Amino acid sequence: MSNLNRSLRAAAVALTVGFASLAARAADTMDNAYWNMPKGVTDVSHEVFALHMAAFWVCVVIGVVVFGVMFYSVFAHRRSKHPVPATFHHSTLVEIIWTAIPFVILIGLAVPAAGTLIKEYDTRNADMTIKITGYQWKWQYEYVGENVSFFSTLEKRANEARQLHSGIDPKTVPNYLHDVDNYLVLPVGKKVRFLLTSNDVIHGWWMPDLAIKKDAIPGFINEMWTKINEPGIYRGQCTVLCGRDHGFMPIVVEAKSEADYAAWLEKMKGGETVAAATTTASDAVVDSAQPAAVEAPVEAAPVEVAAAPAAAVDKDDLMKAGAKVYAANCQVCHQADGTGLPPSFPSLVGGKVVTGPIDAHITQVLKGKNAMPPFPQLSDADVAAVVTYERNAFGNKVGDAAQAGQVAKLR
Amino acid sequence: MRWIKTTNHKDLGTLYLWFSFAMFFVGGLMSLVIRAELFQPGLQFIDPEFYNQMITLHALVMIFGGVMPAFVGLANWMVPMMIGCSDLALPRVNNWGFWILPFAFAMLLSTLFLPGGGPAGGWTLYPPLVLQGGASFPLTIFAIHMLGISSITGAINIVVTIMNMRAPGMTLLKMPLFVWTWLITAYLLIAVMPVLAGAVTMLLTDKYFGTSFFNAAGGGDPVMFEHIFWFFGHPEVYIMILPAFGIISTIIPTFARKQLFGYSSMVYATASIAFLSFIVWAHHMFTVGIPLAGELFFMFSTMLIAVPTGVKVFNWLATMWRGSMTFETPMLFAIGFVFLFTIGGFSGIMLALAPVDFQYHNSYFVVAHFHYVLVPGAIFSIIGGIYYWIPKWTGVMYNETLGKWHFWLSAIFINITFFPQHFVGLAGMPRRIPDYAVQFTDFNQISTIGAFLYFIAQFLMVYNFLRCALFRKGMAPAKAVVWEGAHGLEWTVPSPAPYHTFEDPPHVGDDETAHAH
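Remember, it's a predicted structure, so these values are computed and weren't measured experimentally.

**Digging into the overall build of chain A**
And step 1. Each helix and strand in chain A was counted, giving 11 helices and 10 strands.
And step 2. Scored against the burial criterion, the 411 residues of chain A give a buried share of 43%.
And step 3. The contacts in chain A between residues at least 6 apart in sequence include a share of 72% that link residues at least 24 apart.

Here it is in structure tokens:
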């Protein structure tokens, strides 16, 4: 027994030391708040933080009292000190008291919480509206009424590092898994209303520094709002399990001063629409696609090019661009060598679609099939490139090439 | 053949417990796969899709294969012995209820070997994601149907037994609290398992028969699934904790050598919790965009649960107060339960505050919360209960020193595993992700180390219980009244308990009940 006691004491000392060093570490990182909720940069987030801390301290006080009583009893009412047990076994008064006290404490928490909740639900009188659409696995942001819209996906280097056995140390990637290609840019000091929905499965949009989170649900439009006080870059990520790459669809908000925001918006409207997907990251089919077997009797005929200044692009250039688009959008499921992961993700090597009529191939990329999502967000040039690439890579030798105009017609 | 055909409540209790033991082991291994992958940022061992399969199956195995069968096993053994009847009312149904389980789990786990792997949409089975599942999807649904049938038959059996077969003099308000909590749990099971069965059946027809219950494009509603699921899911939470309350209410009076404080308020508190469990489900859905009035209602009703739960904790403390306590292994687990379950309760109160929940929701803070109420809550009570009754079952005493070691190591490692998860959750780490931003690394590493140590420490228990159950030669025989302060009918029979007990109804006097009136 004394052996046991000694070992237990040693274990307790080791544990205390461990926790002390942990506490020291925690204190070091306090500024970065890697161990507590961020205070955030909105009035609401400050209120939420205050409520969180209030609830925490209430729990701490109750805990100290309750556990204090318990451990005192464990100490003082053990048999060696207190050999004869008392015989009382109920007391209506005491029981009423300890039913009433928690009730009062809870009301004390519930009232301010209800106040904050009512504020959080008040989306009226917004200065601007952003529509957020979740996709497997990226976000689309539309500036309602501004004709600005783009996709936002995991930053490229992080996407390479996060592959299984990538050999890249995530610590060398700045803001690993918390960075995207295109930030959601918002003005400070304006009430921004968000409309959330989803194109496929349920996603969740969470921005800890703004203390907002809501699910993006297909067929529903959810609302929330924020009003950011300080310019800066804020990071979050998807919070509802949405399939294979749920962990890899970050959210980044860049809050700019009103003037900077206006300039940014002007630039975005000035034709520099973000061809988001070209350089982007994860994107894929989900796990149940049956091997697609579309056979459309369409001959690949040269198509008249619409208004766009799209002179026929050289096939080599298409292949080069296509490899990039493929790596960013298709590779997750169909794999780098095109062999896929059958039966969930069909192989493209000699596949019916990629060696069949080219229009059907383009249509499938644009419209999707079964569990393969549509890729309407890719530009005509990107679709043409990736289609050309798929038909002439991985040992496929169809030999033809798609052009942007052809894609535009099939959209 | 005896074990396949048996209708004896003790045999079936034993089978249930062995089965849940095996499932705890399988589910535990899955959690180690999860924790190993989370030791560092980046993907070292497994593909994200397989990770999703692990979290899904870990939950299904632990809930339906580990915790629930363990409680049913304890009920099988103890309810007839506590109310003084010879067996459950429907012994053949009892046999059937058990033998469904191995087949259900064989089917569920076999999906891992199918092309496309096991279910990966989370145990909550939310559409549309779950509908993207491949061959594993119908098998998972069918397995859940079978588990539901098993639970419902078990629950009906327990209700019928308790209502009809109590020994003369064992009035309802003389029953031990474990019997009371199981009676209420059984009603919860009967009420909600069919709801789950309905929900998953609708998923099945949505996928294969073209219905659109949950498909917005066809006029359905994916949020409706969440409502139906959590109408099952929240009472399910109490199905996993009410019997634990019963066990703790049995152990603490024994080792405090003092009657349970506030017996009737314990019964009423249990009933109130069961009632409230039906009107709080949407707190699992605070972020799906329910209207303000709904949000407020579910926030208030959820907070209300703290009141009866608090009554229980205070009553346990009052039972200990001025008792004459000794700290054998079951008592250690019971005190550990009160302490750590209450911590899980605190984070529960914080989570109930809807506006703040917008920050906690689906983060690791939630993971920490429900593991605190499930591991040092439900599972500690099961372990404590087994230490408490195993001498009665096997006729030999377990090794007390090893038992104490097992408690202390478990209590320490479980905190190392789950306490840091509060921190990463608050700092912004969502749940159900295989990889994370580098600032979350430290706490995840601590958590992984804790998980592995906790798993290893459980082998002390395995050794201790296996010796009692299978290799008892040379072990100290247990007395009929194993614990000095124990009261109740189960202690009036010899140890080990004979194969058939109470074929003639026993006399129920004040000495034979666990509390006075």
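Let's pick the thread back up.
**Things to note about the overall build of chain B**
And step 1. When its secondary structure is counted, chain B shows 16 helices and 0 strands.
And step 2. The C-alpha radius of gyration computed for chain B amounts to 22 Å, which stays within 12% of the reference 24 Å derived for 517 residues, consistent with globular compactness.
And step 3. In terms of principal-axis extent, the alpha carbons of chain B reach across some 65 × 50 × 50 Å.
And step 4. Burial statistics for chain B: of 517 residues in total, 65% are counted as buried.
And step 5. The contacts of chain B with a sequence gap of at least 6 include a subset with a gap of at least 24, amounting to 83%.

**Examining the packing of helix α6 (residues 315-329) of chain A against helix α10 (residues 380-392) of chain A**
Residue and element names in this part refer to chain A.
And step 1. Two elements in contact, α6 and α10, have axes separated by 7 Å at closest approach and are oriented at 95 degrees. Our classification of the angle between α6 and α10 gives roughly perpendicular. From α6, K315, L318, M319, A321, G322, A323, V325 and Y326 reach across to α10, where they touch D382, A384, A385, V386, T388, Y389, E390 and N392.
And step 2. Here the residues of the contact of α6 with α10 sort into 10 nonpolar, 3 polar and 3 charged.

**Quick look at the sheet that holds strand β5 (residues 192-198) of chain A**
Residues and elements named next belong to chain A.
And step 1. Spatially, 5 strands are ordered β3-β2-β1-β5-β8 in an open sheet, and the strand pairing comes out mixed. At either margin of the open sheet sits one strand with a lone partner, and together these are β3 (148-152) and β8 (222-226). Shown here is a sheet whose adjacent strand axes are inclined to one another by a mean of 25 degrees, direction ignored.
And step 2. Across 5 bridges, the pairing between strand β2 (residues 138-143) and β3 is antiparallel. In the strand pairing of β3, Q140 is matched with F151.

**A few points about the nonpolar core**
And step 1. Within the largest apolar cluster, 247 residues are counted, with the highest numbers of intra-cluster contacts made by V67, V179, I248 and L353 of chain B.
And step 2. In terms of residues, this core owes the most to one element, helix α3 (residues 48-83) of chain B, which gives 22 residues.
And step 3. Residue assignment places this core across two domains, with domain 2 (36-121) and domain 3 (128-274) of chain A each supplying three or more.

**What to know about the confidence of the model for chain A**
All names here are of chain A.
And step 1. On average, residues of chain A score 82 in pLDDT, and 81% of them reach the 70 mark or higher.
And step 2. Averaged pLDDT values for the elements of chain A fall to 51 in helix α1 (residues 2-28) and rise to 97 in strand β6 (residues 203-207).
And step 3. Note on residues 27-31: pLDDT under 50 across the span, and 2 contacts to partners over four residues away in sequence or across chains.
And step 4. Low pLDDT, under 50, characterises residues 272-310; the predicted model gives this stretch 121 contacts beyond four residues in sequence or across chains.

**Some points on the domain arrangement of chain A**
Residues and elements named next belong to chain A.
And step 1. Domains assigned within chain A are domain 1 (1-32), domain 2 (36-121), domain 3 (128-274) and domain 4 (315-410).
And step 2. Opposite the 8 residues of domain 2 that make contact, domain 3 presents 10 residues.
And step 3. Here the residues of the side of domain 2 that touches domain 3 are counted per class, giving 4 nonpolar, 3 polar and 1 charged.

**Concerning the interface of chain A and chain B**
And step 1. Contact residues are listed per partner, giving 91 residues for chain A and 88 residues for chain B.
And step 2. Only α1, α2 (43-76), α3 (92-121), β6, β7 (212-216) and β9 (232-238) of chain A provide two or more residues apiece to the side of chain A that touches chain B.
And step 3. A total of 15 residues in the side of chain A that touches chain B trace back to one element, the largest contributor, which is α3 of chain A.

**Section: the packing of helix α5 (residues 136-164) of chain B against helix α6 (residues 177-208) of chain B**
Residue and element names in this part refer to chain B.
And step 1. Packing of α5 against α6 leaves a shortest axis separation of 8 Å and a crossing angle of 155 degrees. Classified by the angle between their axes, α5 and α6 sit roughly antiparallel to one another. Considering the relative orientation of α5 and α6, their crossing is left-handed.
And step 2. When the residues that make up the contact of α5 with α6 are grouped by side-chain class, the tally is 23 nonpolar, 3 polar and 1 charged.

**Points about the environment of S301 of chain B**
And step 1. Along the chain, S301 of chain B falls in helix α10 (residues 292-304).
And step 2. For S301 of chain B and G425 of chain B, which are 124 residues apart along the polypeptide, the C-alpha to C-alpha distance reads 25 Å.

**Observations regarding unusual backbone geometry**
All names here are of chain B.
And step 1. Here the bond from P127 into P128 is cis, since omega is 0 degrees, no more than 30 degrees from zero.
And step 2. Here P128 is to be found in the loop between α4 (91-110) and α5.
And step 3. For the bond running from S495 to P496, omega is -5 degrees, close enough to zero to count as cis.
And step 4. Positionally, P496 belongs in the segment after α16 (441-470).

**Here's the deal with the environment of D127 of chain A**
Residue and element names in this part refer to chain A.
And step 1. Inspection of the secondary structure puts D127 in the loop between α3 and β1 (128-135).
And step 2. Between the alpha carbons of D127 and K227 there is a distance of 9.7 Å; along the sequence they are 100 residues apart.
And step 3. Setting aside chain neighbours within four positions, we find D127 in contact with K190, K191 and V192.

**Considerations on the sheet that holds strand β10 (residues 250-256) of chain A**
Residue and element names in this part refer to chain A.
And step 1. Taking strand neighbours across the sheet as the criterion, the 5 strands line up as β4-β10-β9-β6-β7 in an open arrangement whose pairing is mixed. If you trace the sheet from one side to the other, it starts and ends with β4 (184-187) and β7, each paired once. Across this sheet, the average inter-strand angle for adjacent strands is 25 degrees, counted without regard to direction.
And step 2. Of the strands in this sheet, β4 and β10 are in contact with helix α5 (residues 258-269), which crosses β4 at around 135 degrees.

**Concerning the pairing of β7 of chain A**
Side chains on a regular strand alternate between the two faces of the sheet.
Residues and elements named next belong to chain A.
And step 1. Counting buried positions over the 5 residues of β7 gives 5, a clear majority of the element.
And step 2. Sheet topology note: the β6/β7 ladder contains 5 bridges and is antiparallel. In the sheet register, H203 faces β7, and the bridge partner there is A216.
And step 3. Hairpin remark: β6 followed by β7, antiparallel, with 4 residues in the connecting loop; positive phi at A211, about 55 degrees.

**Here's the deal with the environment of I105 of chain A**
And step 1. For I105 of chain A, the position within the fold is in helix α3.
And step 2. The spacing of I105 of chain A and V386 of chain A is 281 residues in sequence and 62 Å in space, taken between C-alpha atoms.

**Section: helix α15 (residues 400-427) of chain B**
One turn of the α-helix equals 3.6 residues, which is why residues spaced by three or four share an orientation.
Residues and elements named next belong to chain B.
And step 1. Spanning 28 residues, α15 covers 41 Å between terminal C-alpha atoms, matching the ideal 40 Å at 1.5 Å per step.
And step 2. When the local axis directions of α15 are compared, the greatest deviation, roughly 30 degrees, occurs at I416, which is followed within four positions by the proline P420.
And step 3. The positive-phi residue at the C-terminal boundary of α15 is G428, with phi of around 120 degrees.

**Here's the deal with helix α11 (residues 306-320) of chain B**
Residues and elements named next belong to chain B.
And step 1. Under the 1.5 Å per step criterion, the end-to-end length of α11 is 21 Å for 15 residues, consistent within 8% with the ideal 21 Å.
And step 2. Most of α11 sits inside the fold, with 14 of its 15 residues counted as buried.
And step 3. Among the residues trailing α11, R322 stands out with phi positive, at a value near 55 degrees.

Criteria and thresholds
Residues numbered from 1 in each chain as written. Chains lettered and ligands numbered in written order. Predicted model: local features only at pLDDT ≥ 70, side-chain atom pairs only at ≥ 80, totals over all residues. Helix = DSSP H or I, 4+ residues; strand = E, 2+ residues; numbered from the N terminus. Buried ≥ 20, exposed ≤ 12 C-beta atoms within 10 Å, placed from the backbone. Contact = placed C-beta atoms within 7 Å. Rg over C-alpha atoms; globule rule 2.2 N^0.38 Å. Axes fitted to C-alpha atoms, helices over the stretch in contact; angles between N-to-C directions. Parallel < 35°, antiparallel > 145°, perpendicular 65-115°, else oblique. Nonpolar A, V, L, I, M, F, W, Y, C, P; charged D, E, K, R; others polar. Pairing = 2+ DSSP bridges. Core = buried A, V, L, I, M, F, W, Y, C linked by C-beta atoms within 7 Å. Domains from an automatic or database assignment. pLDDT = per-residue confidence, 0-100. Left-handed = near helix turned anticlockwise from the far one by under 90°. Expected span 1.5 Å × (residues − 1). Bend = angle between axes of the 7 residues up to and from the residue.

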